[in-house]
Amino acid sequence: MEELKAYRPKTSPELDPSTLSNYTCFTVKLTTLHFDIDFEKKIVSGKVKYDLLNKSETDHVDLDTSYLDITKVSIQNESCDNQYKLHSRKEPLGSKLHISIPASTPKNFQLEIEFSTTSKCTALQFLDKEATDGKNHPYLFCQCQAIHARSLFPSFDTPGIKSPYKFSAKSPLKTLLSGLLIKEDNENNTVYFEQPVPIPSYLVSIASGDIARTSIGPRSDVMTEPVNLAKCKWEFERDMENFIQVAEKLIFEYEWQKFDSLVLPASFPYGGMEIPNLCQLTPTLICGDRSLVNVVAHELAHSWSGNLVTNCSWEHFWLNEGWTVYLERRILEALAVIEAKQQGKGDKEAHYYGEQVRQFNAIIGWTDLENDLKSMGDNVDKYSILVQDLKGKKKCQKKDEKEDNQSNASPDDPDDAFSTVPYEKGFNLLYLIEKIVGKEKFDLFIPAYFREFRFKSLDTFQFIDYLFDFFKEDAVKLDQIEWKKWLYEPGMPPIDPKFDTTLAQACYDLAKKCYQYALSEDDENEFTQFKLVANEINDFSPSQNIVFLDTLIAYEKVAGFSWKQHKKTLNRMATLYHDQYTETSNAEIKFRWFYLQATGEVLDFEVAMGEFLGTIGRMKFVRPGYALLNKVNRELAVRYFQRFENRYHPICKAMVRKDLQLD
């Protein structure tokens, strides 16, 4: 651990460089938040009240805002309209709202602010009714991670501080908030929710529209537009309660009472978002074969990793996502064991199969990580580091300038650093630790760690200190981990985990046969044999199809080989795999299939990719899809983006504009 001394902060948890607030000065005992939704003007106005404890006896409160209109400020019910200032905008962090605290104010006091969003709000997306599936009513949803809550309401917009919430909202349509429903006042179109478990600002969420609900388990409902409700119910009802029970055995009792899910419109930019009591999901999961429910397992795992135990800043995001991927794969492993036993396999054989399933999913993640690093280009050294540096470069300071909290730095936007790195590199570090101490011992560490830091926000060094304290007998082994390389050096993990490839081998073998056929594609006799080989995918699971396509795409890395030189093979594959791939409803498979063909510069599939990108908003597909089109056919990429950009969530639109260098 000696090599990490230079990186250790003066105090832990490390201060968050992505906030303009003075959050360390206060304890937020309660946040009361009300929203009024105006679909016609496409704004949300509201009122936020903070019950604060002034820990440091500071004379001011600094809050984060971004493109907000502030209309009224009061402390202890007394107007402070002459005692606040909205500072000029500082990219990418927004505008600091500085509020002076009167000298007579007690340590425990209430701060209330009235506000309104603007057309530049980055958290909200208003959809006209024509853009919804039901086409009966408009729709509103929001996405606050990482630093977009400040564009929804004035906040301590940092994962470094949490509070319980009381929510209310007025809307003519069904409205949901990130908590437990307390009551509905239908006469006044107002709903009331509460969140008794302390949460950070990025987990605040609101959705309003034509939303129906149905039960999918004793602790779970699914909600979506009425036209999609039956499909969503079928997709999730088999697994939801099983997921929760398995997770509880692995960690400890589920804290949040209800695990409800909201399947959002297609423009939702993520696979899922772990909003407590309102898990938000992409409709790309509704594929008709239940093969993508692993995303739900991931979001459920966040109920402990991220929501209960939280990274103190976005620099330590891997503590959220690395742990969550690890827990997700343990959940899927346990379910595979149960399934194997139901099929009559013995205990030992069933557990071996469960481990194979876990490592098979890890192989998919490893490939995703490799591809993501490849796509980073010049930014790979900066953003492939596990513990990010978002502080930015300091500017030269004039002698007469006062030192101010982050005022002399240009921080990075956490959205720019978003990638699979915290997910997969983080998972692989935890997997290495598990292998070093042994799975049985690590299973004791899991609940202990989450109990120790429950309701808290921590940095990487607090995690490491607790790890070494828990595993005192294994400290020498743990100290042999190349911590500096893992945490602070770019690129792939320093150790190849050598995952079990049993379930992946058939995928590798078939991909190799396709590659070998491509090298001799002019031979018609070979094509007859190839048609027989192609039928092997009929026995593949959806996950095996993903690995097969990933492996075909990876042949681009073989020296002297490029798929664009073998369009005949791609065309023949397009004929052979039309029903299974081109017409599939599984977005993970369809995207990879289009990606393979577009890599080979097959024009029909470049067009198909562009059209596909107009039907989804999930950045996992949208960003690399446009990046590939930009590489092989920039004119087409720009044309499709300009055609579809107003369908995308503001976060997605901004990121793709950067990717295509349109700004």
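In case you missed it, the structure is sitting above this.
Everything numeric here is computed off the predicted structure, so don't read it as measured data. (Residues numbered from 1 in each chain as written. Predicted model: local features only at pLDDT ≥ 70, side-chain atom pairs only at ≥ 80, totals over all residues. Heavy atoms only, no water.)

**Side note on the side chain of Gln280**
By the element assignment, Gln280 lies in strand β20 (residues 279–281). At 2.6 Å, the side chain of Gln280 and the side chain of Ser205 are in polar contact. Setting aside residues no more than four positions away along its own chain, Gln280 makes contact with Cys142, Gln143, Ser205, Leu262, Leu264, Phe268, Gly271, Gly272, Met273 and Ile275. (Helix = DSSP H or I, 4+ residues; strand = E, 2+ residues; numbered from the N terminus. Polar contact = N/O pair within 3.5 Å; in protein donor to acceptor, adjacent residues only side chain to side chain. Contact = heavy atoms within 4.5 Å.)

**Here we look at the sheet that holds strand β15 (residues 206–209)**
In spatial order, the strands read β9-β10-β15-β12; together these four strands make up an open sheet with antiparallel pairing. A strand with exactly one partner marks an edge of an open sheet, and here the two such strands are β9 (124–127) and β12 (174–177). Strand-to-strand, the axes of this sheet are offset by a mean angle of 10°, without reference to chain direction. With four bridges connecting them, β9 and strand β10 (residues 139–142) associate as antiparallel partners. Its bridge partner being in β10, Leu127 is matched across the sheet by Tyr139. (Pairing = 2+ DSSP bridges. Axes fitted to C-alpha atoms, helices over the stretch in contact; angles between N-to-C directions.)

**Focus on the packing of helix α17 (residues 587–599) against helix α19 (residues 619–632)**
Axes are the key here: two packed helices are described by the angle between their axes and the distance separating the axes. Their axes nearest at 10 Å, the elements α17 and α19 cross at an angle of 10°. With respect to each other, α17 and α19 are oriented roughly parallel. Facing Ala587, Glu588, Phe591, Tyr595, Ala598 and Thr599 of α17, the residues of α19 in contact are Lys620, Phe621, Pro624, Gly625, Leu628 and Val632. Partitioned by chemical class, the residues of the contact of α17 with α19 number eight nonpolar, two polar and two charged. (Parallel < 35°, antiparallel > 145°, perpendicular 65-115°, else oblique. Nonpolar A, V, L, I, M, F, W, Y, C, P; charged D, E, K, R; others polar.)

**Regarding the nonpolar core**
Counting residues in hydrophobic clusters, the biggest one holds 214 residues, and the most contacted among them are Leu111, Phe236, Trp323, Tyr449, Phe463 and Phe548. Once residues lying within four places of it in the same chain are set aside, the contact partners of Tyr449 are Val309, Leu319, Trp323, Leu458, Phe463 and Tyr466. (Core = buried A, V, L, I, M, F, W, Y, C linked by side-chain atoms within 4.5 Å. Buried < 20%, exposed > 50% of the residue type's maximum accessible area, 1.4 Å probe, protein only.)

**Observations concerning helix α20 (residues 634–644)**
Within the span of α20, buried status applies to Leu636, Ala637, Val638, Tyr640, Phe641 and Phe644. Looking at the buried side of α20, the elements it contacts are α18 (603–613), α19 and α21 (650–659).

**What to know about the pairing of strand β17 (residues 220–224)**
A large share of β17 lies buried, amounting to five of its five residues. With burial as the criterion, each face of β17 is covered, one bearing Ser220, Val222 and Thr224 and the other bearing Asp221 and Met223. Inspection of the sheet shows strand β16 (residues 212–217) paired to β17 by five bridges, in the antiparallel sense. Residue pairing for β17: Ala212 is matched across the bridge by Thr224.

**Points about the packing of helix α4 (residues 318–342) against helix α5 (residues 347–376)**
Where α4 contacts α5, the axes come no closer than 8 Å and their chain directions differ by 145°. Crossing handedness for the pair α4 and α5: right-handed. Counted together, Tyr326, Arg329, Arg330, Leu332, Glu333, Ala336, Val337, Ala340 and Lys341 of α4 and Asp347, Ala350, His351, Tyr353, Gly354, Glu355, Val357, Arg358, Asn361, Ala362 and Gly365 of α5 form the full contact between these two elements. (Left-handed = near helix turned anticlockwise from the far one by under 90°.)

**Quick word on the sheet that holds β20**
Strands in a sheet are paired, the pairing made by backbone hydrogen bonds, and the direction either parallel or antiparallel. Taking strand neighbours across the sheet as the criterion, the five strands line up as β16-β17-β18-β20-β19 in an open arrangement whose pairing is mixed. If you trace the sheet from one side to the other, it starts and ends with β16 and β19 (272–273), each paired once. By the bridge criterion, two bridges tie β19 to β20 in an arrangement that is antiparallel. The residue bridging Met273 from the neighbouring strand is Gln280, located in β20. Relative to the sheet, helix α3 (residues 294–301) contacts β19 and β20, its axis offset from that of β20 by approximately 150°.

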